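Chain by chain, the residues:
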Amino acid sequence: MKNPEPPKKATRLLEWFCPPELFESIYGDLYEAFIEDINATNTATARRLFYWNVIRFFRPGIVLRNKFNLKINNLMLNSYFKIATRHLAKRKLYSSINAIGLSIGIAFAILIYLFIQDERKFDQFHQDKELIYNIALKQYNTWEPNPEKPYDFTAYVQYPLRGALKEEVPEAEYVSGLSMGAKHTVRFQDKIFIEDLTYVDQDFFQIFSFPVLQGNKNKLLKDKHDVVLTPSIAEKYFGTTNPLGQTIEIDINGESGDFVVTGVVEKPPAQSSISFDILINIANSSYYEENNTKWRVYSIMVLAKLHENANPERLQYNLDKIVEKYMKDAELKARERYLIPEDKLFKQYIAVPFTDVHLDTELGWPGSNDPMYSMILAGIGILILLIACINYITLALTTSASRRIEVGIRKAIGAKPAQLFQQFSFESVILSMVSFLIAVGLVFLFLPSFNQFTDKEISLHWTQLLEVVAVGFFLAIVIGLLAGSYPAVFLVRYKPTKVLKGGTSYKLKAGFTKPLVIIQYALSIFLIISSVIMFRQMKYITTKDLGFNKDQVVVIPTQAGWNKSSTRLFTQYKNALANETDVISIAGTSTSFGDGWSKYGYEVDGKQKAALVYTVDTDYLNTLGLTLKQGRNFDPDRPSDSSAVIVNETLVADMGWENPLEQYLNWREDSASLGSPVIGVVKDYNNLSLESSIEPLFLSMKTGSITKILVKIRPGNIPGTLQKLERKYKELAPEKPFEYSFLDEDVAKQYASYQRWMSIMSLSTVFAILISCLGLFGLSGINAVNRTKEIGIRKVLGADISNIFILLNRQFVFLAVVSFIIAAPAAWYIMRQWLGNFEFAISINWQLFALSLAVGLLIAILTVSYHAIKSAFINPAETLKTE
Amino acid sequence: MEKDYLGEFEELVLTVVGVLHDDAYGNAIVKEIKDQLDREVNLSAVHVTLYRLEDKGLVKSHMGGASEKRGGRRKRIFTITNAGLSILHDMQARRIKLWKLLPQIKFTS
């Protein structure tokens, strides 16, 4: 009887991993066991057992005895390396295009990886981060009741909540308020600067673990007049002298106070929701005494560190009790007034883990980001990488055709398929390694602009660099293997006899590239259209006539707060500069351009109206070149003008006045008088950014304080004039910093975020065009290779070069048009949304689309022409001789 | 004087190699352990242990005869070396010495 055979696959598996010198005896033993199993049970069971036994031999004790193999591989690797470098050097164009395409993909992926890492690291550095909570507020949305989403969330809560938490909520161990980003004048001897002040409570240092460099952590900010600095601020004011115990002056709400430096704390890293330069006790904040008793003022954030074993249900119960105790009246009123449904809560405090606030856009922490961004970015990263990989494969395929003979000879000499596979994969890995090196370079190159776009401060420390290198290296190997394996499989399939005999027809099949090219190309066209529209719109808003003259106007803040002394300083300054020849005119205003606005609401004949209000002085109109349609300007010699107003045309239309100069604007809703007399009507001008329409507005001399000085200067010696302005300012206010800006810059700054988006868009457009060109280039290459013979025959039959050129380009024009048809409506829709941000926008017209299509087609034709021209010029004798 | 520590399984396999004398190969060892000790061991574990013992110089191997029962493959026959024997002796001696130190427990009724 012939002995039964054990499963062949299992045997091959064993042969593969087992060291050759051990194979015979192991296989013998297994075979013996196999025969015995057959006798004991049946063939099927025995076969199964054989498999199982083979798999159990796959263990380090056996596999790691494969010492021999490595030596052989080393030898082969040398050869592969040599062949690979020769091959790459021979096709410099392909190699470099391929490497660049891939490196762009990898660089993008690395940058996005860095971004996501950075997002994930946010606020993770505090020691007891899982105990730190932001006590936020969930409240019924009374403004726009929405049954789908009845509640709003905000991190901004009341001052007295701090005290209530400390006294009435036993779960909270430490509690601190937090108010960031108030600008104040800080003085030490002759050093005067404007600084960001951060108000906190003493517990702040118990809650967070910002490293304390100098001073006693437990005593920082214990006294109301203590101040804590970061090292850079300490150095700025005190140089190398020890800052501890020094006294600095800080102006708060117009009054200057002395503060003693009791500590130096390291500046928070970029991945922190809390940032500060100077920390002072929250008791110093404006109107603190008053605010600390009010449950109606929502202006600070409150943070708490809980006891380790705090019960979340008890905590919520106690938080609810605070609402019950202090806001009962407000709730009753609100329920009556806004008709809050019975089953809905009015307000509820919630404890949000501090590590979550960065990714929660609703709470409104500064710098918070939607986690959606990370997801979208990750998606884009993967997509770009995928596209780069597939382009890489496509390009590799076009060159592979010319290596058939090499493969044939190798096979004839005795190369095994696995070896050929290794060889091609190896080549691909080498190329991807090169791309990886370029990619790391690109990351360094683009990181600054990437940071600018994303508003981040990602830097490459060596630890992070290591991470990046590790990620990139891993990507490069995986991509190299993946991208190399397809052409390798493709090449290995050639039958040597056929190839070497010559004259076989062959066709490269890469059906997946066509839809891919359409996608890439559609993306590029989409971006081209969007960029063109954005560019037009930005040009429109920066050059549009705003109705006032913004050139050569210097804006100087008085730095004196919102009070009488500010107006006084302005008057003194104006008088001091009266005889200056380089100064054309000086005006004061409460709100300059780009500073926001203040609005008054008033009732007229039972209708709610509102108007923007600007406090100005008599020179406001001529300094800004505003034109009066009717009436006259404020007259310094008429005391009655101090209660008069000048209105804009929109206000006249809003009120429905026939004869505005005979009217009174009763914006104070004064029941005893008619209100302010209207003495003039100014032509409409864009006082706000072009995102908003022109609203009713009035100018008055007495509604508020003048906080900004507008100085119209003569062109020419601008630096000299600025020096004069500073000298005069310093004479009047030696204890305040002199700052200035130019009005046209302030106006432009309103569009900074759009500018940033535009640069992101243009960069993406360049990337997308580059990548889609690579895809097109590859596809046209494959096409040209596949049709070599056809072209030969056509030429023999009399086709000239232009015919062939058209023949080869026709389908790409078709692809481009299809992509355009996909991209254009999407771009139109998205851009319409975007233009919706602006009250003053350009209209999207067909010319823009035609322009984009033309640009897209031109790029496509330029890209594919390389192959078309090359194929068209080949001598048909070359391609046809083999048949 | 012991250079290497022998694990329980290593000692078992080494002993069985000695017991089987000139007929010790993978399957024979598995079978012997099952017959003598009624213990199921895995063939691959035995192989790995044999190679390890060979690395330590406690056994040596040569290729033996082929048989049809093995599909024409030869056996790798392991024999115990002098070092292997001495380590077994040594371990046995120590164990007896230790055993003698164990207080004699009397079984009382």
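So, how was this worked out
Residues numbered from 1 in each chain as written. Chains lettered and ligands numbered in written order. Predicted model: local features only at pLDDT ≥ 70, side-chain atom pairs only at ≥ 80, totals over all residues. Heavy atoms only, no water. Helix = DSSP H or I, 4+ residues; strand = E, 2+ residues; numbered from the N terminus. Buried < 20%, exposed > 50% of the residue type's maximum accessible area, 1.4 Å probe, protein only. Contact = heavy atoms within 4.5 Å. Areas by Shrake-Rupley, 256 points an atom, 1.4 Å probe, with all protein chains shown as cover. Expected span 1.5 Å × (residues − 1). Bend = angle between axes of the 7 residues up to and from the residue. pLDDT = per-residue confidence, 0-100. Core = buried A, V, L, I, M, F, W, Y, C linked by side-chain atoms within 4.5 Å. Buried area = accessible area lost by both parts, 1.4 Å probe. Salt bridge = Lys/Arg side-chain N within 4 Å of Asp/Glu carboxyl O. Polar contact = N/O pair within 3.5 Å; in protein donor to acceptor, adjacent residues only side chain to side chain. Nonpolar A, V, L, I, M, F, W, Y, C, P; charged D, E, K, R; others polar. Pairing = 2+ DSSP bridges. Axes fitted to C-alpha atoms, helices over the stretch in contact; angles between N-to-C directions. Phe/Tyr/Trp six-rings, centres within 6.5 Å; stacked < 30°, edge-to-face > 60°. Parallel < 35°, antiparallel > 145°, perpendicular 65-115°, else oblique. Left-handed = near helix turned anticlockwise from the far one by under 90°. Patch = residues over 30% accessible without salt bridge, like charges linked within 9 Å, V, L, I, M, F, W, Y side chains within 5 Å.

Novice: Would you mind showing me how to read the overall build of chain B here?
Specialist: The helix and strand inventory of chain B stands at four helices and two strands. Across chain B, helices and strands are ordered from the amino to the carboxyl terminus as α-α-α-β-β-α. Considering chain B as a whole, with its 109 residues, one finds that 42% of them fall into the buried category. Excluding contacts between residues fewer than 6 apart, the proportion of contacts in chain B whose partners are at least 24 apart in sequence is 54%. On chain B, roughly 6,900 Å² of surface is accessible, and the fraction owed to carbon and sulfur atoms is 55%.

Novice: How should the overall build of chain A be read in this particular structure?
Specialist: Each helix and strand counted, chain A has 28 helices and 22 strands in total. In chain A, of all internal contacts separated by at least 6 residues, the share reaching a separation of at least 24 is 79%. Accessible surface computed for chain A: about 43,700 Å², of which carbon and sulfur atoms make up 58%.

Novice: Just checking my understanding: could you explain helix α27 (residues 846-873) of chain A for this structure?
Specialist: Given 3.6 residues to a turn, an α-helix orients residues that are three or four positions apart in the same direction. The end-to-end C-alpha separation of α27 of chain A is 39 Å, in line with the 40 Å expected for 28 residues at 1.5 Å each. The largest bend along α27 of chain A measures about 40° and falls at S865 of chain A.

Novice: How should the confidence of the model for chain B be read in this particular structure?
Specialist: Fine structural detail should not be taken from predicted coordinates in areas where pLDDT scores are low. Summarising the model, chain B shows a mean pLDDT of 84, and 91% of its residues fall at 70 or more. Both scores are given for the predicted complex: the pTM is 0.60, the ipTM 0.85.

Novice: Is there a simple way to explain the nonpolar core in this structure?
Specialist: Grouped together as the largest cluster of nonpolar side chains are 67 residues, with contacts concentrated most on F548, Y620, Y685 and L699 of chain A. At 14 residues, the largest contribution of residues to this core is made by helix α18 (residues 513-543) of chain A. Ignoring sequence-local partners within four residues, the contact set of Y685 of chain A consists of L546, G547, F548, F593, Y620, L626, I694, L697 and L699 of chain A. Grouped together as the second largest cluster of nonpolar side chains are 46 residues, F23 of chain A together with V17, A28 and I87 of chain B included.

Novice: Teacher, can you tell me more about the interface of chain B and chain A here?
Specialist: By a widely used convention, the size of an interface equals the accessible area lost when the partners come together. Contacts between the two partners involve 22 residues from chain B and, on the opposite side, 23 residues from chain A. Together chain B and chain A conceal approximately 2,000 Å² of surface at their shared face, both sides included; 50% is due to carbon and sulfur atoms. In this structure, K31 of chain B and E36 of chain A form a salt bridge, with 3.2 Å as the shortest nitrogen-oxygen distance. For the pair chain B and chain A, the number of links is nine residue pairs in polar contact (both at pLDDT 80 or more). Elements that contribute at least two residues to the side of chain B that touches chain A include exactly α2 (26-37), α3 (43-56) and β2 (74-80) of chain B. The greatest single-element share of the side of chain B that touches chain A, amounting to eight residues, is contributed by α3 of chain B. Taken together, the residues of the side of chain B that touches chain A sort by class into six nonpolar, six polar and ten charged.

Novice: How should the sheet that holds strand β12 (residues 553-557) of chain A be read in this particular structure?
Specialist: Where strands meet in a sheet, backbone hydrogen bonds hold them as pairs that are either parallel or antiparallel. Residue and element names in this part refer to chain A. In spatial order, the strands read β13-β21-β12-β22; together these four strands make up an open sheet with antiparallel pairing. With one partner strand each, in any of the chains shown, β13 (583-589) and β22 (741-742) form the two edges of the open sheet. Direction of pairing for β12 relative to β22: antiparallel, over a ladder of two bridges. Each residue of the ladder has a partner; that of V554, found in β22, is F742. Most of the contacts of helix α19 (residues 564-576) go to β13, to which it runs at about 175°, and overall it touches β12, β13 and β21 (708-713).

Novice: What's the story with the packing of aromatic side chains in this structure? I'm lost.
Specialist: Working definition: an aromatic ring pair is given by the centre-to-centre distance plus the angle between the planes. All names here are of chain A. One pass over the full model with this rule turns up 31 aromatic pairs over all chains. Consider the rings of Y159 and Y288, whose centres lie 5.8 Å apart with planes at 80°: the pair is edge-to-face. Here Y159, found in the loop between β2 (151-154) and α7 (160-168), pairs with Y288, found in helix α10 (residues 288-291); they are 129 residues apart in sequence, far enough to count as distant. When its relative accessible area of 11% is taken as the criterion, Y288 is described as buried. Look at F548 and F593: their rings are 4.3 Å apart centre to centre, the planes differ by 20°, and that puts the pair in the stacked class. Pair noted here: F548 is in the loop between α18 and β12 and F593 is in the loop between β13 and β14 (599-604), with a separation of 45 residues, a long-range link. Site record: aromatic cluster; members linked through ring pairs are F125, F204, F205, F208, F210, F276, F354 and W365.

Novice: Mind showing me how you'd approach the pattern of salt bridges here?
Specialist: For side chains of opposite charge, pairing can occur when their charged atoms come near one another. Residues and elements named next belong to chain A. Within this structure, the stated rule accounts for 31 salt bridges over all chains. Among the salt bridges present, the one from R187 reaches D251, with a minimum N-O distance of 2.7 Å. Of this pair, R187 sits in strand β3 (residues 172-188) while D251 is found in strand β7 (residues 247-252), placing the two residues 64 residues apart along the sequence. In terms of burial, R187 and D251 fall into one category: buried. Between K574 and D617 there is a salt bridge, and its shortest N-O distance comes to 2.5 Å. Note that K574 is positioned in helix α19 and D617 in the loop between β15 (607-615) and α20 (620-624), a separation of 43 residues in sequence. Each member of the pair, K574 as well as D617, is classed as buried. Salt bridges linked by common partners bring R187, E249 and D251 together as one network.

Novice: What's the story with the packing of helix α1 (residues 8-20) of chain B against helix α4 (residues 82-101) of chain B in this structure? I'm lost.
Specialist: Helix-helix packing is described using two parameters, namely the angle between the two axes and the distance between the axes. All names here are of chain B. As a packed pair, α1 and α4 sit with axes 11 Å apart at the nearest point and diverge in direction by 120°. In terms of axis orientation, α1 runs oblique to α4. Where α1 crosses over α4, the two elements pack in a sense that is left-handed. For the pair α1 and α4, contact is made by E11, L14 and T15 and by G84, I87, L88, M91 and R95, respectively.

Novice: I tried to follow the packing of helix α1 (residues 8-17) of chain A against helix α3 (residues 43-57) of chain A on my own but got confused; where do I start?
Specialist: Residue and element names in this part refer to chain A. Across the interface, α1 lies against α3 with an axial gap of 9 Å and an inter-helix angle of 10°. Between α1 and α3, the interaxial angle falls into the category roughly parallel. Listed contacts from α3 to K9, A10, T11, L13, L14 and F17 of α1 are F50, Y51, V54, I55 and F57. Partitioning the contact of α1 with α3 into residue classes produces nine nonpolar, one polar and one charged.

Novice: Got a minute to help me understand the side chain of E195 of chain A in this structure?
Specialist: Residues and elements named next belong to chain A. Inspection of the secondary structure puts E195 in strand β4 (residues 191-200). By relative accessible area, which is 5% here, E195 ends up buried. Setting aside its immediate chain neighbours within four residues, E195 contacts A182, K183, H184, V186, I233, K236, Y237 and I278.

Novice: Would you explain a nonpolar patch on the surface in this entry?
Specialist: Residues and elements named next belong to chain A. Together, L13, W16, L49, Y51, W52, I55 and F58 make up an exposed nonpolar region whose accessible area comes to about 720 Å². Only α1 and α3 provide two or more residues apiece to the nonpolar patch. Top element by residues in the nonpolar patch is α3. It accounts for four residues. Within the secondary structure layout, W16 lies in helix α1.

Novice: Could you clarify how one ought to interpret the environment of Q572 of chain A in this entry?
Specialist: Residue and element names in this part refer to chain A. By secondary structure assignment, the location of Q572 is in helix α19. Accessibility expressed as a relative area gives 38% for Q572, which makes it partly exposed. Spatially, the C-alpha atoms of Q572 and L732 are 7.6 Å apart, while their sequence positions differ by 160 residues.

Novice: Can you walk me through the side chain of H358 of chain A in this structure?
Specialist: All names here are of chain A. Mapped onto the elements of the fold, H358 is located in the loop between β11 (347-353) and α13 (371-400). At 2.9 Å, the side chain of H358 forms a polar contact with the side chain of E119. Beyond its immediate stretch of four places on either side in the chain, H358 contacts E119, F122, D123, S273, G367, S368 and N369.

Novice: Whenever I open this one, the pairing of β12 of chain A confuses me. Can you help?
Specialist: Every regular strand shows the same layout, with side chains that alternate between the two sheet faces. All names here are of chain A. Among the five residues in β12, five count as buried, and that is most of the element. Of the strand pairs in this sheet, β12 and β21 are connected by five bridges, and their pairing is antiparallel. Of the residues in β21, the one forming a bridge with V553 is K712.

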